[in-house]
Structure formats: C-alpha cells, structure tokens
Amino acid sequence: MKIKAYGIKGKGGKPEPFFYERNVGDNEVSVKIIYCAIARGDIQFISDDWGDTKFPLVPGHEIVGIVAATGANVATLKVGDRVGIGYQQEACFDCEYCKAGKEQFCERQKVIGVHCYGGLAEHIVVDNRFAYKLPPALHSVNSVPLLSSGLAVYTGITRAQLPANSTVGVLGAGGLGYLAIQFLNKMGHQVYVFSHSPEKKEMINQLGAEFILSSNANNLTTIGKKFDFIISTLNVQYDLNDFLKILTPQGKFCVVAAPLEKQPVNLGLLYDYAQRTIFGNYVGSCKDMTDMFDFAIKHNIESAVEVMPFSEMNEAIEKVRAGKGNIQLVLKNDE
C-alpha cells in the first residue's frame, strides 16, 4: 500500500509530504493514525543528535490509531480496534532476550527513527505484537504519551524494586517527569521534584509531590542522604554528583534521558561508606506495556496534553524545540 507521510530529508529539516510503499505482512497490521505526539526525542532525531537518524525521517514514536487491515496470522486484533504504538515496531521473537520476555533488547529489533518510519503519517504498518489494544478506560489523546515516555519511566521505577513508602526524587517535570511523578505517588512513595522552574510548583503539588528549586545550590547541600531513589528525566546539563550525594547508602539513580555532553562522575560516591547504584532504562517489554496500562487505569494516570492539528506540524515542532509549554504536545490527524 502507498502511505502518505511527512518526511524530513536531512538534519534539522522540516517535514514535507512524502510517500512510501509498505505492504501488510502476515503478522502485521495497518493502523490509521489519529494522534501522534511530538516529543523532545523526536526533536533530537530531527537534529540527528545521536548520530543514528535514518533520513528521510518520519518522526513520531507515540501513536494512537484504529486498525485498518490485518495480516493472515493476526488473531488478537481486528479491524476497528483502537491501538497504541510506541518506539519499537519489531523484534525477532527468537533470540535469548525475546524468549525471556525482554524483546526490547532484541539485537534485530526495529525502532522508529533509526530503522523505520514513524507516526507523522496517515497510516503505519507494524508487527501486531507492538500494536497494543487500548483498554476502554484510557482516553485516546491523553494516553498517547504513555506509549514511550510512560513506559520508560514506569519500567525504570519498577526495576528499582523500592520498598513501600520510599523517599524518591524526580529530576525535571516535563513530559517524562510528569508521568514519573504520578507513578511514584500512586505507588505510595514520598515524592520530591527537582526543577529549575518555579512556575511548575503548583502543578507538581497537584500531582502529589513536593517542589525543590534545583537552581538554588543550598537546596541540595542541606538535604542530607535521604533519597532511596532518584530518576532523571533531564536532557540538559546538570551535576550528577550533587544528586549522588543525597542518595542513601544503598540508594539508586535511574537515567531515562541524558544530556549529549559527557557527565563527569565521582566514582567514590558509589562506594565510599555506600553501595549506591546508577542504572539506565530503555523502553520496556510487551508485558511491561500491558502492566503499565493496568496500573494507569487503576490509578487514573494519564498525561495532560496540548492538541494541535497535523496542518500545524511545523509550529508544533518549533514549540517543542524551544521548550515552550509544560505538557506533552500531540498532533491530531486532520485529513
């Protein structure tokens, strides 16, 4: 089938109408796209910040749409089903990682931006196992950011295996942070949010967390070693050592986003009278996605979003690039 999309030809370019051919395989589904987020990660793909962008690039790795066609072997989805699609589109389902239920580590996986085209299009064709049927309780537009941002922070948090009522911190209150705060709060932890933006204090408090102005160095030096867990959602430069110092002796620091510049780490902070851990987190498995949906439904977790039409995609991209707005930006297909 011929798919109309919006492709970016080169580094830093703007989307232009772009057509490509993509047949629906036996294990695949074609999805009519209704909503597609434009997240910070999409901007970094457009700028080729990681050096692995495949041009022409069709951005958009958080998608909600309706199944339009199914392959011969697809049994769990039917035409008309509402589905969500995230960053990963394929895996081999035969390697040791896939067999262990960790297909997000498959060496033959395909992901949007690097191997295949994304959601800034009329349709997308994906392996049916990566088109997740959305439970009726989840609203289409507000669930869009769950499909990548939500999955990344949820699996990072659950991997930490925190005891009940832990003291936890979130660095940043953007799209990733907004969801991390909610997950941690609903898991019963004491949540503190480090942000340079005083105007976000009211929103952070409404989400059940305490605001700490991180631009004031005194706010960090006087805290002491109280945090069992800190998750960083920042892609701007910060001093990692300042936050390692406020972890408990067995505290854990999780990275789900990072600045492009190298981060100096005082390794002594990991073992000096301590047993601290730094770990990273990618997306999650298919099971992680469904577990996250279940948790989000149980605790009424969704993302606040700003909706713009596809026809304003250039304005939307510039808005996210400039860091304007405190919530996730989602494009609605207006064709």
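Read on for a plain summary of the structure.

## Let's talk about the packing of aromatic side chains
Any aromatic ring pair is given by two values, namely how distant the centres are and how the planes are angled relative to each other.
Phase 1 of the analysis: Scanning the model with the defined rule gives 17 aromatic pairs in all.
Phase 2 of the analysis: Between Phe-45 and Tyr-87, the ring centres sit 6.2 Å apart and the planes meet at 35 degrees, which makes this aromatic pair tilted. Of this pair, Phe-45 sits in helix H1 (residues 40-46) while Tyr-87 sits in the loop between strand E5 (82-85) and strand E6 (88-90), and the two are 42 residues apart along the sequence. Just as Phe-45 is buried, Tyr-87 falls in that class too.
Phase 3 of the analysis: An aromatic cluster is built from Tyr-192, Phe-194, Phe-227, Tyr-238 and Phe-243, whose rings are joined through pairwise contacts.
Phase 4 of the analysis: In this structure, Lys-54 packs its charged tip against the face of Tyr-117, placed 5.4 Å from the ring centre.

## Concerning the sheet that holds strand E11 (residues 190-195)
Where strands meet in a sheet, backbone hydrogen bonds hold them as pairs that are either parallel or antiparallel.
Phase 1 of the analysis: Strand order in the open sheet made by the six strands is E12-E11-E10-E13-E14-E15, with parallel pairing throughout. Strands at the two margins of the open sheet, each flanked by one partner only, are strand E12 (210-213) and strand E15 (277-280). Going from strand to strand, the sheet's axes swing by 20 degrees on average, the running direction of each strand aside.
Phase 2 of the analysis: In this sheet, E15 lies alongside strand E14 (residues 247-255) in parallel orientation, the contact comprising four bridges. When the bridges of E15 are listed, Val-255 appears paired with Gly-280.
Phase 3 of the analysis: Strands strand E13 (227-232), E14 and E15 of the sheet are contacted by helix H4 (residues 149-159), whose axis makes an angle of about 155 degrees with E13.
Phase 4 of the analysis: Strands strand E10 (167-171), E11 and E13 of the sheet are contacted by helix H5 (residues 175-186), whose axis makes an angle of about 170 degrees with E10.

## Things to note about the pattern of salt bridges
Phase 1 of the analysis: Tallied over the full model, the rule gives eleven salt bridges.
Phase 2 of the analysis: Across the pair Asp-81 and Lys-133 runs a salt bridge whose closest N-O atoms are separated by 3.9 Å. Of this pair, Asp-81 sits in the loop between strand E4 (63-70) and E5 while Lys-133 sits in strand E9 (residues 131-133), and the two are 52 residues apart along the sequence.
Phase 3 of the analysis: Through salt bridges with shared partners, a single network forms among Arg-22, Glu-28, Glu-90 and Lys-110.

## What to know about H4
Phase 1 of the analysis: Most of H4 sits inside the fold, with nine of its eleven residues counted as buried.
Phase 2 of the analysis: Of all the positions in H4, only Ser-149, Gly-150, Leu-151, Ala-152, Val-153, Tyr-154, Thr-155, Gly-156 and Ile-157 are classed as buried.
Phase 3 of the analysis: Looking at the buried side of H4, the elements it contacts are H5, E13, E14, E15, helix H10 (286-299) and strand E17 (328-332).
Phase 4 of the analysis: With its phi angle positive at about 50 degrees, Gln-161 sits one or two positions after the end of H4.

Thresholds, definitions, all that
- Residues numbered from 1 in each chain as written.
- Predicted model: local features only at pLDDT ≥ 70, side-chain atom pairs only at ≥ 80, totals over all residues.
- Heavy atoms only, no water.
- Phe/Tyr/Trp six-rings, centres within 6.5 Å; stacked < 30°, edge-to-face > 60°.
- Helix = DSSP H or I, 4+ residues; strand = E, 2+ residues; numbered from the N terminus.
- Buried < 20%, exposed > 50% of the residue type's maximum accessible area, 1.4 Å probe, protein only.
- Lys NZ or Arg CZ within 6 Å of the ring centre and 35° of its normal.
- Pairing = 2+ DSSP bridges.
- Axes fitted to C-alpha atoms, helices over the stretch in contact; angles between N-to-C directions.
- Contact = heavy atoms within 4.5 Å.
- Salt bridge = Lys/Arg side-chain N within 4 Å of Asp/Glu carboxyl O.

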